[in-house]
Amino acid sequence: MRVESERKLDFDDVLIRPKRTRLETRADVELKRTFKTPHAGFDVSGIPIIAANMDTVATLKMADALAEHSIFTAIHKHYSIEEIKSANISGDYNFMTFGLNEDLSHIKSTIDNLADKKVNKICLDVANGYTEIFVEFVSRVREQHPNCLIMAGNVVTPDMTEALIIAGADIVKIGIGPGSVCETRSVTGVGYPQLSAIIECADAAHGLSGLICADGGCRTSGDVAKAFGAGADFVMLGGMLAGHTECLTDEQLASLDKNSGKVEYYGMSSAEAMGKYSGGVAAHRASEGRVATIDYRGDVKHTVQAILGGLRSTCTYVGAPTLKQLSKRTTFIIKN
Ligand code: 5GP
């Protein structure tokens, strides 16, 4: 047994110190970024926020709404190819999600089937990115799709960030345990404070010309700003985008009281999700997610405006004319 005694930080442990600025208005701040990719061979442009691949968040309607703002969606993996083909989605801003159990031929046929929509972004998502078979899976998907952008995770340490980039990931997803409906920390005792994970993994990824996506734990636009300030290239949001019109089916919307209605939002490793997609929690597993009942929040465009407005304001406070410069201009103050 070993104890690491260096202090590790979460979003709530820090604040961002204001700095002198020549910026006159938030409207002058540019949030769009363009990234070079280490493997895919093309640049990715947009506002680097990604809706989390959860079936209560990353719906096809959400993808359509967020693309209007140049924001990305990792479309959840439970749609049929026919549903995706008939939806109005743009390849520029959408990832298709796959898990470790996916057959390579299924991944190939999905990407081939969506060629006319120019979908060329793949999200390989597992709860525990530390297994050898996951690293091998990433290299096999890279071999099969040399020209796709691959995002893979989740991990929280520099060694595994590097391993996944070397195996073929362009973006490594960072976060174990911080999610709003995640119970991994209490069920298993495993996790890593999210702000420190971002700082340490961003450094490792950037050293290999790779990118990271900070996944989980953002509850406010201030947390999103802290994630970017810590060096995240992309930030993935679940709970902050849940409960909107775009998260609901037409039937759910029809029966919803728009003024005081409640919406159910659950983790993808919850008993709820496993019951829906895997016939229940398998005998060797425990649920690592929970169900939350939250207020209905209307159309997502209002929340997007609030998040982007908050981010522009952060940039103004620290004198960063672009989101790209935010991490260079960030000094975190530890609160106590
Ligand atoms: P949030 O933005 O809600 O704090 O975090 C979203 C992230 O939580 C997702 O992208 C995913 O990584 C993680 N997540 C979603 N569902 C579950 C779950 O059931 N269990 C765990 N451990 N993590 C989850």
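The structure contained in this document is the topic of the report that follows. (Residues numbered from 1 in each chain as written. Predicted model: local features only at pLDDT ≥ 70, side-chain atom pairs only at ≥ 80, totals over all residues. Heavy atoms only, no water.)

### Some details on the overall build of the chain
Looking only at helices and strands, the chain features 11 helices and 13 strands. Its C-alpha radius of gyration of 19 Å places the chain within 12% of the 20 Å reference for a compact globule of 336 residues. For the chain, the residues scored as buried account for 52% of the 336 residues in total. For the chain, the exposed area adds up to about 15,500 Å²; of that, 48% sits on carbon and sulfur atoms. (Helix = DSSP H or I, 4+ residues; strand = E, 2+ residues; numbered from the N terminus. Rg over C-alpha atoms; globule rule 2.2 N^0.38 Å. Buried < 20%, exposed > 50% of the residue type's maximum accessible area, 1.4 Å probe, protein only. Areas by Shrake-Rupley, 256 points an atom, 1.4 Å probe, with all protein chains shown as cover.)

### Here's the deal with the site of the ligand
In the vicinity of the ligand, 21 residues are found, and the nearest of them are Ser-180, Thr-184, Asp-215, Ser-269 and Glu-288. A distance of 2.9 Å is found between an oxygen atom of the ligand and a backbone nitrogen or oxygen belonging to Gly-217. In the complex, 89% of the free accessible area of the ligand, which totals 530 Å², lies under the protein chains. Split by residue class, the shell around the ligand holds 7 nonpolar, 12 polar and 2 charged. (Near = heavy atom within 4 Å. Polar contact = N/O pair within 3.5 Å; in protein donor to acceptor, adjacent residues only side chain to side chain. Nonpolar A, V, L, I, M, F, W, Y, C, P; charged D, E, K, R; others polar.)

### Quick word on the packing of helix H3 (residues 104-113) against helix H4 (residues 132-144)
The interhelical angle for the contact between H3 and H4, taken along N-to-C directions, is 40°, at an axis separation of 11 Å. In terms of their interaxial angle, H3 and H4 are classed as oblique. H3 and H4 meet at a crossing whose hand is right-handed. From H3, Leu-104, Ile-107 and Lys-108 reach across to H4, where they touch Phe-137, Arg-140, Val-141 and Gln-144. Taken together, the residues of the contact of H3 with H4 sort by class into 4 nonpolar, 1 polar and 2 charged. (Axes fitted to C-alpha atoms, helices over the stretch in contact; angles between N-to-C directions. Parallel < 35°, antiparallel > 145°, perpendicular 65-115°, else oblique. Left-handed = near helix turned anticlockwise from the far one by under 90°. Contact = heavy atoms within 4.5 Å.)

### Quick notes on the packing of helix H5 (residues 158-167) against helix H7 (residues 194-207)
Taken N-terminus to C-terminus, the directions of H5 and H7 make an angle of 35°; their axes are 8 Å apart at the nearest point. Where H5 crosses over H7, the two elements pack in a sense that is right-handed. Contacts between H5 and H7 pair Pro-158, Thr-161, Glu-162 and Ile-165 from the former with Glu-200, Cys-201, Ala-204 and Ala-205 from the latter. Split by residue class, the contact of H5 with H7 holds 5 nonpolar, 1 polar and 2 charged.

### Regarding the environment of Ala-232
Among the structural elements, Ala-232 can be located in the loop between helix H8 (221-229) and strand E10 (234-237). For Ala-232, a relative accessible area of 4% gives the class buried. Linking Ala-232 and Cys-218, residues 14 residues apart in sequence, is a C-alpha distance of 12 Å. Beyond its immediate stretch of four places on either side in the chain, Ala-232 contacts Ile-198, Ile-212, Ala-214 and Ala-227.

### Here's the deal with the nonpolar core
Within the largest apolar cluster, 103 residues are counted, with the highest numbers of intra-cluster contacts made by Ile-49 and Leu-124. Sorting elements by how many residues they give to this core places helix H11 (residues 300-318) first, with 7 residues. Not counting the four nearest positions on each side in its chain, Leu-124 is found in contact with Phe-98, Ile-107, Phe-134, Phe-137, Val-138, Val-141, Ile-150, Met-151, Ala-152 and Gly-153. Counting 5 residues, the second-largest nonpolar core is a separate cluster that includes Leu-248, Leu-253, Leu-256 and Tyr-296. (Core = buried A, V, L, I, M, F, W, Y, C linked by side-chain atoms within 4.5 Å.)

### Side note on the packing of aromatic side chains
Per the counting criterion, the structure on display carries 5 aromatic pairs. When the ring of Phe-134 is compared with that of Phe-137, the centres are 6.4 Å apart and the planes differ by 35°; the resulting orientation is tilted. With Phe-134 and Phe-137 both in helix H4, this residue pair falls 3 residues apart, about one helical turn. For Phe-137, a relative accessible area of 4% corresponds to the buried category. Here a set of aromatic residues connected by ring pairs shows up, and it is made of Phe-35, Phe-72, Tyr-93, Phe-95 and Phe-234. (Phe/Tyr/Trp six-rings, centres within 6.5 Å; stacked < 30°, edge-to-face > 60°.)

### Quick notes on the side chain of Asp-233
With respect to the helices and strands, Asp-233 occurs in the loop between H8 and E10. Within the buried core, Asp-233 has no salt-bridge partner, and the shortest N-O distance to an opposite charge, that of Arg-33, equals 4.3 Å. If we ignore the near neighbours within four places in the chain, the residues touching Asp-233 are Arg-33, Phe-35, Pro-48, His-206, Gly-210, Leu-211, Ile-212 and Phe-228. (Lys, Arg positive; Asp, Glu negative; His and termini not counted. Salt bridge = Lys/Arg side-chain N within 4 Å of Asp/Glu carboxyl O.)

Interpretation note: all reported values are geometric properties and have no functional meaning in isolation.
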